[in-house]
Amino acid sequence: MFASEQGLLFNAIRADKVADFDAVLAKVRSALATSTDPVRRQQAAGWKFYKAAEPGPNGSVLYVFVMDPVVKGADYGIAKLLADAYPMEIRDLYRMYSGAFATAGQTILNLQPVVNVPAGAPKEGAKPATLDMPTPAAPA
């Protein structure tokens, strides 16, 4: 569960288990898309899945889940979602899911909007400052 309006989940996945993780994510996305549960439908509307182009820690593949907005009080646990949607497949799906992590789980971030602008910060709509640099002299 998240305690804020927006949230992120970072998942560092072993490079050799990307296919397994992708297969599980396909099931998660399908479960969200086809659910008749109104909470799951709300989650589906705000849950985005991304794979980073850059390598993660120790050569892992970084997946980022963005929840915007978060559904207050909703369970975002993958195991519960899969168990509800695929009770006959949950054992194999969970084994694929949990075995794909390069680290001991997910990093969860509850995000809070920045509303106070620090002193000296540019005003909204202001053009960014430029740095005037002297033009280098032409070679002799």
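As a reminder, the structure under discussion sits directly above these lines.
Nothing here was measured: the structure is a model prediction, and the numbers come from that model. (Residues numbered from 1 in each chain as written. Predicted model: local features only at pLDDT ≥ 70, side-chain atom pairs only at ≥ 80, totals over all residues. Heavy atoms only, no water.)

Asker: Before we move on, can you summarise the overall build of the protein with the specific residues and values?
Answerer: Per the secondary structure count, the protein includes 4 helices and 4 strands. Each helix (α) and strand (β) of the protein, taken in turn from the N terminus, gives the series β-α-α-β-β-α-α-β. Scored against the burial criterion, the 140 residues of the protein give a buried share of 29%. Relative to all contacts within the protein whose residues are 6 or more apart in sequence, the contacts with residues 24 or more apart total 73%. Surface accessibility of the protein: about 9,500 Å² in total, with carbon and sulfur atoms responsible for 59%. (Helix = DSSP H or I, 4+ residues; strand = E, 2+ residues; numbered from the N terminus. Buried < 20%, exposed > 50% of the residue type's maximum accessible area, 1.4 Å probe, protein only. Contact = heavy atoms within 4.5 Å. Areas by Shrake-Rupley, 256 points an atom, 1.4 Å probe, with all protein chains shown as cover.)

Asker: Quick rundown of the nonpolar core? Include the residues and the values.
Answerer: Judged by nonpolar contacts, the single largest core of 28 residues is most densely connected at Phe 21 and Phe 65. Those elements that place two or more of their residues in this core are strand S1 (6-13), helix H1 (18-34), strand S2 (47-55), strand S3 (61-67), helix H3 (78-85) and helix H4 (90-99). Among the elements that take part in this core, H1 stands out by supplying 7 residues, more than any other. Apart from the residues within four sequence positions on either side, Phe 21 is in contact with Asn 11, Ile 13, Tyr 63, Phe 65, Tyr 97, Ala 100 and Phe 101. (Core = buried A, V, L, I, M, F, W, Y, C linked by side-chain atoms within 4.5 Å.)

Asker: Account for unusual backbone geometry, with residues named and values stated.
Answerer: Following Asp 68, the chain continues to Pro 69 via a peptide bond in cis, the omega torsion being 5°. With respect to the helices and strands, Pro 69 occurs in the loop between S3 and H3. Positioned with a positive phi, Asn 58 is a non-glycine residue whose angle comes to about 55°. Position of Asn 58 relative to the elements: it lies in the loop between S2 and S3.

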